[in-house]
Every structure is written in structure tokens, then in C-alpha cells.
Amino acid sequence: MLPADLREAESQALAALLEALPSAARGRWSVDWRFEGLRLLPVVLRLCRSLLDAGLSPRIVFPDAGACALARRDAPDLAERIADFRSQQRRSTEAAGPDGGAEATAPLLLAVAPALPDYEDFEQLCAAHRGPVAMLNGRLEDAAVGIGSVARERRRGFVAEWQAAYFLQPLEGSALRRAYPGGWELYRQDADGFRLAARFDERPDAETQAQALAGEGGLGVGGNLRALDAFIEGLRS
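Note that the coordinates shown come from a computational prediction; the quantities given were computed from them, not determined experimentally.

What counts and how
Residues numbered from 1 in each chain as written. Predicted model: local features only at pLDDT ≥ 70, side-chain atom pairs only at ≥ 80, totals over all residues. Heavy atoms only, no water. 1 Å grid on protein atoms, 1.4 Å probe; cavity = no way out; pocket = protein on both sides within 12 Å on 5 of 7 lines; lining within 4 Å. Points joined across faces, edges and corners; volume = space filled by probe spheres on them. Helix = DSSP H or I, 4+ residues; strand = E, 2+ residues; numbered from the N terminus. Nonpolar A, V, L, I, M, F, W, Y, C, P; charged D, E, K, R; others polar. Axes fitted to C-alpha atoms, helices over the stretch in contact; angles between N-to-C directions. Parallel < 35°, antiparallel > 145°, perpendicular 65-115°, else oblique. Left-handed = near helix turned anticlockwise from the far one by under 90°. Contact = heavy atoms within 4.5 Å. Salt bridge = Lys/Arg side-chain N within 4 Å of Asp/Glu carboxyl O. Buried < 20%, exposed > 50% of the residue type's maximum accessible area, 1.4 Å probe, protein only. Pairing = 2+ DSSP bridges. Phe/Tyr/Trp six-rings, centres within 6.5 Å; stacked < 30°, edge-to-face > 60°. pLDDT = per-residue confidence, 0-100.

Student: Account for the layout of surface pockets, with residues named and values stated.
Tutor: Counted as a void, the largest pocket has a volume near 380 Å³. Lining the largest pocket are 16 residues, with Ser30, Trp162, Gln163, Ala164 and Arg203 positioned closest to its centre. Where the lining of the largest pocket is concerned, the elements lending two or more residues are strand 1 (28-33) and strand 6 (163-171). Of the residues contributing to the lining of the largest pocket, the split by class is seven nonpolar, three polar and six charged.

Student: Can you lay out the packing of helix 1 (residues 6-20) against helix 2 (residues 40-53) for me, pointing to particular residues and giving the numbers?
Tutor: In helix packing, the relevant descriptors are the interaxial angle and the interaxial distance, both defined with respect to the helix axes. Contact geometry of helix 1 with helix 2 gives a least axis separation of 11 Å together with a crossing angle of 45 degrees. When the axes of helix 1 and helix 2 are compared, the pair comes out oblique. Considering how the two elements wind past one another, helix 1 and helix 2 form a crossing that is right-handed. Each of Leu6, Arg7, Glu10, Leu14, Leu17 and Leu18 in helix 1 lies in contact with helix 2, whose residues at this interface are Val43, Arg46, Leu47, Ser50 and Leu51.

Student: So what's going on with the pattern of salt bridges? Residues and values would help.
Tutor: Taken as a whole and judged by the stated rule, the model has 10 salt bridges. Asp190 serves as the salt-bridge partner of Arg188, at 2.8 Å between the closest nitrogen and oxygen. Note on Arg188: relative accessible area 15%, which makes it buried. We classify Asp190 as buried; its relative accessible area is 8%. Three or more residues joined by partner-sharing salt bridges are found here, namely Arg188, Asp190, Asp192 and Arg195.

Student: How would you sum up the sheet that holds strand 3 (residues 82-84)? Please name residues and give values.
Tutor: As summarised here, the arrangement of the nine strands in space is 3-2-4-5-1-6-7-8-9, forming an open sheet in which the pairing is mixed. A single partner strand is all that each edge strand has here, and the edge strands are strand 3 and strand 9 (193-200). Across the sheet, the mean angle from the axis of one strand to that of its neighbour is 25 degrees, orientation sign disregarded. With five bridges joining them, strand 1 and strand 6 adopt parallel strand pairing. Each residue of the ladder has a partner; that of Val31, found in strand 6, is Tyr166. Relative to strand 6, helix 1 is tilted by about 160 degrees, and along the sheet it contacts strand 1, strand 5 (133-136), strand 6 and strand 7 (174-179). Relative to the sheet, helix 3 (residues 65-74) contacts strand 2 (59-62) and strand 3, its axis offset from that of strand 3 by approximately 170 degrees.

Student: Residues and numbers for the pairing of strand 1, please.
Tutor: Strand 1 sits mainly inside the fold: six of its six residues count as buried. Side chains of strand 1 alternate between two faces, with Arg28, Ser30 and Asp32 and Trp29, Val31 and Trp33 buried alike. As judged from the four bridges shared by strand 1 and strand 5, these two strands associate in the parallel manner. Considered in strand 5, the bridge of Val31 is made with Leu136.

Student: Which residues make up the packing of aromatic side chains, and what values go with them?
Tutor: The description of an aromatic ring pair rests on the distance of the ring centres and on the angle between the ring planes. Counted according to the given criterion, the structure contains seven aromatic pairs. Within the aromatic cluster, the residues linked to one another by ring pairs are Phe85, Tyr119, Phe122, Phe158 and Trp162.

Student: Which residues make up helix 5 (residues 119-128), and what values go with them?
Tutor: The buried fraction of helix 5 amounts to seven of the 10 residues, a majority that puts the element mostly inside the structure. Restricting attention to buried positions, one finds in helix 5 the residues Tyr119, Asp121, Phe122, Glu123, Leu125, Cys126 and Ala128.

Student: So, the confidence of the model for the chain: which residues are in play, and what are the values?
Tutor: On average, the chain scores 87 in pLDDT, and the residues at 70 or more come to 83%. Within the model, the stretch residues 217-227 combines pLDDT values under 50 with 14 contacts to residues more than four positions away or in other chains.

Here you go:
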């Protein structure tokens, strides 16, 4: 079901990630809360603490040193678990050793919002790390644009490695959600709230979503937008 607020969305993401991690020692998982106005850092810090409480040993990794400094300032108790991509890559390479082992003891990496400019560093980090990686609100979908064909295929292959452990995106008059191991769920905004409209095995594109919602009853555009604003505001707070 759709979460009522941000804390419930965080709880759903935690449960989905804990369900996903045992299925692959070197799993590449994505967790996305895709709505405007989200302050991601507090969410990431709470997720890290929850994973520690669950018996895991996560590390938070950021694309740059400035973001690391901000996180360490806000969470001094987690400072030793915070690093940037390049320093963590060196650490992972050293931990793996010449035989490339150490998968059983490699920590879970929480990679915070890698975007197109961070692609090379992030790919190298993932190649060096022998354990699981969870990409939080990553933006790598267009990483294959504007480069040569060989590099384009390599990048597309890297992007394709990631599976959605958790995904939540409010849309105009609807919402899309996935929580591992379940499928993708499309919800329609009706007069009395969001209702499940369709389920999919794979993430539906915009056209597929539109077809699933076509001809369904519900609010007018104005009512949809007002209800959607209320839903997003609940997620932000």
C-alpha cells in the first residue's frame, strides 16, 4: 500500500531492502523516493541507523568530500561510516586484496544520489566493492547519451545491473510504487484517496501507465492536483 507519510515510506524502503539484500551477495539495488522538496540527508542518516539496528554494517558514500563533511557534521555518531566515492573505492580495493575476495565481510554501501557527472567514479567504486550497494535517489538513466557506441553499451550495461528494492513516485493523479519482492503497483487518485489501479512485473513506462488509467473514474484535474499536493506534503514532513 502507499505510505501515509515520509516515515512510513522510509519504513517500507527499509523492509524492502532487508528483504532484497540476502538474495545476492553483490546485489546492486536502487531505493528511490522521487518527489520534490525531499531533504535526502536526514532520510539517509535514519536509514543507516536502522540498518545498524538490524545487525548490518552499512557505510554511506557521497560523490564528493563536501557532502561528506556536511553529513559528518549532522551525524557525528556515524562519521567513521561516511566517505566519498574515491576514498571508498581505495578502501574496497585494499580490502578485497589481490585475489578479489572478501565478499562475505564487505559492508553494504549506501550511495547517495549519484548523478551523470559522477558516473565514472561511481562505476569504478561498484567494480571495486565486493559487497552489496544500494543507490539512493540515483540519476543515471541518461548515462549513455552523447558518447561513443562502445562506451554507450558499457554504460547501459551498468545501469541495467540495478534492481529496484523500493520506488515511490507521486504523479499527476496517480502514484507508482514498488517494494521488493513485490511487483510494480500503479495507484489512481479517486475522490476518497488512492486506489490500486494495476500491477506490473516490470516498471511501466508512461504510455503503459496512461493506458492502465484510461477510462477510469476519479477527480477532475484540479481535484487531482489538490489531492496530490496533500499526498506529497505528507511525504515531505
